[in-house]
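# A structural walkthrough
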Amino acid sequence: MHRASSWLLLAASAQALLAPLRRLGLKKPPAPSIVFDDDDYDDEESVWCPLDECEIPPEASSLESSLRRDRGLLGKAWKRVGRAWQGRGRKPPGKLVLIRHGQSTWNANKTFTGWVDVDLSPIGEAEMEHAARLMLERGLQADVVYTSVLKRAIRSAWILLAELGQTYRPVVKDWRLNERHYGALQGRSKVGLVDVLSPAVVQSFRAGYATRPPELPDAHALSATRERKYVGLPRGDLPRAESLEECLERVVPVFQERILQDLDEGLDVVVVAHGNSLRGLVKNIDGLDDSVIERVGIPNGIPLVYEFTRDDSGTLIPVETMDKTQTDLSGEFLEERGLLREAIALERKALLEPPSWAPSSQDAVSSTLEQGLETLARERRVMAYAQLGTNLPLVDPVPLLAQAPIKVVPSVVPDADARGGVVEARPTQPQAGPM
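Only a predicted model underlies this, so the values are computations on that prediction, with no experimental measurement involved. Residue positions within a chain follow its written sequence, with the count starting from 1. Under the rules for a predicted model, residues below a pLDDT of 70 receive no local features and side-chain atom pairs below 80 are neither given nor counted, while totals for whole chains, interfaces and linings still include all residues. For the side-chain quantities, the full set of heavy atoms in the structure was used; hydrogens and water were omitted.

What follows is about the environment of Arg-250. When you line up the elements, Arg-250 lands in helix H8 (residues 244-264). Only protein chains enter the calculation, and the probe is 1.4 Å; a residue is then buried if its accessible area is under 20% of its type maximum, exposed if over 50%, and partly exposed in between. For Arg-250, a relative accessible area of 10% translates into the label buried. For this analysis, residues touch if any pair of their heavy atoms sits within 4.5 Å. If we ignore the near neighbours within four places in the chain, the residues touching Arg-250 are Trp-115, Trp-175, Arg-176, Leu-177, Asn-178, Glu-179, Arg-180, His-181 and Glu-242. In this description a helix means any DSSP run of H or I spanning at least four residues, a strand means any run of E spanning at least two, and both kinds are numbered starting from the N terminus.

Looking now at the packing of helix H4 (residues 122-138) against helix H5 (residues 151-164). In this description, a line fitted to the C-alpha atoms serves as the axis of each element, helices being fitted only across the stretch in contact, and the angle between N-to-C directions of two axes falls anywhere from 0 to 180 degrees. Relative to each other, H4 and H5 sit at 45°, their axes nearing to 8 Å. In terms of axis orientation, H4 runs oblique to H5. The handedness of the crossing between H4 and H5 is right-handed. For the pair H4 and H5, the contacting residues are Glu-125, Met-128, Glu-129, Ala-131, Ala-132, Arg-133, Met-135 and Leu-136 in the first and Arg-155, Ser-156, Ile-159, Leu-160, Glu-163 and Leu-164 in the second. Here the nonpolar group is Ala, Val, Leu, Ile, Met, Phe, Trp, Tyr, Cys and Pro; Asp, Glu, Lys and Arg are the charged ones; every other residue, Gly included, is treated as polar. Looking at the contact of H4 with H5, its residues break down into eight nonpolar, one polar and five charged. An angle below 35 degrees is read as roughly parallel, one above 145 as roughly antiparallel, one from 65 to 115 as roughly perpendicular, and any other as oblique. Each crossing is labelled by how the near helix is turned from the far one, with a counterclockwise turn of less than a right angle marking it left-handed and a clockwise turn marking it right-handed.

Definition used for salt bridges: Asp or Glu carboxyl oxygen within 4 Å of a side-chain nitrogen of Lys or Arg. For the coordinates displayed, the defined rule picks out 19 salt bridges. The partner of Arg-155 in a salt bridge is Glu-125, with the nearest N and O atoms 3.3 Å apart. Linking Arg-155 in helix H5 with Glu-125 in helix H4, this pair joins segments that are 30 residues apart in sequence. Put simply, Lys-283 and Asp-290 hold a salt bridge, and the shortest N to O gap is 3.2 Å. A residue is classified by how much of its surface remains accessible, and Asp-290, at 37% relative accessible area, is partly exposed. Three or more residues are tied together by salt bridges with common partners; here these are Asp-117, Glu-227 and Lys-229.

Our focus in this paragraph is the packing of aromatic side chains. Any pair of Phe, Tyr and Trp rings, taking the six-membered ring for Trp, is counted once the centres come within 6.5 Å. Such a pair is stacked with planes under 30 degrees apart, edge-to-face with planes over 60 apart, and tilted for the rest. Tallied over the full model, the rule gives four aromatic pairs. In textbook terms, an aromatic cluster arises when at least three aromatic residues are bridged by ring pairs, as seen for Trp-115, Trp-175 and Tyr-230. Directly above the aromatic system of Phe-112 lies the positively charged group of Lys-190, at a separation of 5.5 Å from the ring centroid. Charge over a ring is defined by NZ of Lys or CZ of Arg lying within 6 Å of the ring centre and within 35 degrees of the ring normal.

Let us look at unusual backbone geometry. Its identity is not glycine, yet Lys-110 carries a phi of approximately 55°, on the positive side. Tracing the backbone shows Lys-110 in the loop between helix H3 (105-108) and H4.

Attention now goes to the packing of H8 against helix H9 (residues 275-286). Two elements in contact, H8 and H9, have axes whose closest approach is 8 Å; the angle formed by their N-to-C orientations is 65°. Judged on the interaxial angle alone, H9 and H8 are roughly perpendicular. The way H8 lies across H9 gives a crossing that is right-handed. Every residue of H9 that contacts H8 at Leu-244, Cys-247, Leu-248, Val-251, Val-252, Phe-255 and Gln-256 is listed here: Asn-276, Ser-277, Arg-279, Gly-280, Leu-281, Lys-283, Asn-284 and Ile-285. For the contact of H8 with H9, the residue count by class is eight nonpolar, five polar and two charged.

Scored from 0 to 100, pLDDT records how confident the predictor is in each individual residue. For the chain, per-residue confidence averages 76 on the pLDDT scale, and 62% of positions sit at 70 or higher. Per-residue pLDDT stays below 50 along residues 355-364; that stretch engages in 13 contacts with residues further than four places along the chain or on separate chains. Below pLDDT 50 for its whole length, residues 394-435 participates in 84 contacts with residues either more than four positions away or in separate chains.

Attention now moves to the pairing of strand E3 (residues 96-100). Both faces of the sheet carry side chains from a regular strand, because those side chains alternate between them. With respect to burial, E3 is a largely interior element, five of its five residues being buried. Of the two faces of E3, the one holding Leu-96, Leu-98 and Arg-100 and the one holding Val-97 and Ile-99 are both buried throughout. Strand pairing is assigned whenever DSSP identifies at least 2 bridges connecting the two strands. Here E3 runs beside strand E6 (residues 269-273); their pairing, made up of five bridges, is parallel. When the sheet's bridge partners are listed, Leu-96 is paired in E6 with Val-269.

With that settled, consider the sheet that holds E6. Taken together, six strands build an open sheet; the order of strands is E5-E4-E6-E3-E7-E10 and the sheet is mixed. If you trace the sheet from one side to the other, it starts and ends with strand E5 (171-173) and strand E10 (332-333), each paired once. Bridge analysis of strand E4 (residues 144-147) against E6 gives four bridges, and the strand direction is parallel. Following the sheet pairing, Tyr-146 is matched in E6 by Val-271.

It is worth spelling out a nonpolar patch on the surface at this point. Each patch groups residues whose relative accessible area exceeds 30% and which form no salt bridge, using 9 Å between like charges and 5 Å between nonpolar side chains of Val, Leu, Ile, Met, Phe, Trp and Tyr. Accessible areas in this description were obtained via Shrake-Rupley with a 1.4 Å probe; residue shielding takes into account the shown protein chains only. Taken together, Val-196, Leu-197 and Val-201 make up a surface patch of nonpolar side chains, about 250 Å² in accessible area. Note on placement: Val-196 falls in helix H6 (residues 190-196). On the accessibility criterion, Val-196 (60% relative accessible area) is exposed.

Have a look at this one:
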């Protein structure tokens, strides 16, 4: 059987090599009218001609051009055969799904977070569940997941896999996928800094490509050098502050060394990370200029899907799934920004009103896919009401947050610190809220 397959492959290769000759319809060239000796070869003209003459016979010129054309076509055919032989049985490239973690408690309070290890807010948890349902709707799965070593990204990956029904999948944690280090700005209120500095200065710290904030001292309570998760790393590798450029540069090796290899092997890869670290991946994949990446934003909890193909050299290149006149990215966002948060806000309002209906229970025997799609359909009905600016009807099915009480996240108030004027985040007393 193996010998027969080899003969079939050789026959196919021969057919591919002979195809250009058949298309050209070449015939046997006529016998030359003049016979030349070896000494009559003119190296400068690369054709046969008498020593006393430099004029090329018409039939020799025509024959030479035909042979050159034949060699070019045969060379291309042979390259195609070689690529087919090398890529036999090779899987198509996998898909890449980039997801920014769900809203964190400091995102909600508009506080510079960076490497501070804060947790998800209830809205952030709902965003990751919703992201998994969007993936289920498109038939997207995860063969391997990459994330940072920060809690909000790790828990986002767990919630995503649980909703996908794939908690058994490997999760690779890499500190290089951490958020950008905001230095001494970490723990400071963004709104408060606008009042102290100016909107232009704060915006340059946030979006400027090469602008670097002041460094955070190692002795500070929020310094990463004090955390056990970074004990195995050389102290010189841990940043005290980063510009956007430095953050993007540290992310690229993760993509080149690990993620790209998995995609080339046909694995579907999901990266659950942070806004700025994901911008580094996007910049590398799409080859964006420094000025372009400054205006690219990655919203929380909305999957960004990339598909790949191989060029003639076998290198993975992104497939343009979106109109380049409308966006700078080749990937596709599975939903518009802010729809889920509008729906959650509308439903919070509805939860404060006395309902006239009882929540229905889901079918216990339905699959993960069926449950996810049913919940996604309910979420989209609420989104439709939010877009219309109307209240929810009291006969609508299970609300999004009905299964868990609304948690009150303590607000963070900036307070002056005696050590170098750095301000730490100190929670106030929790306020009463609806439960």
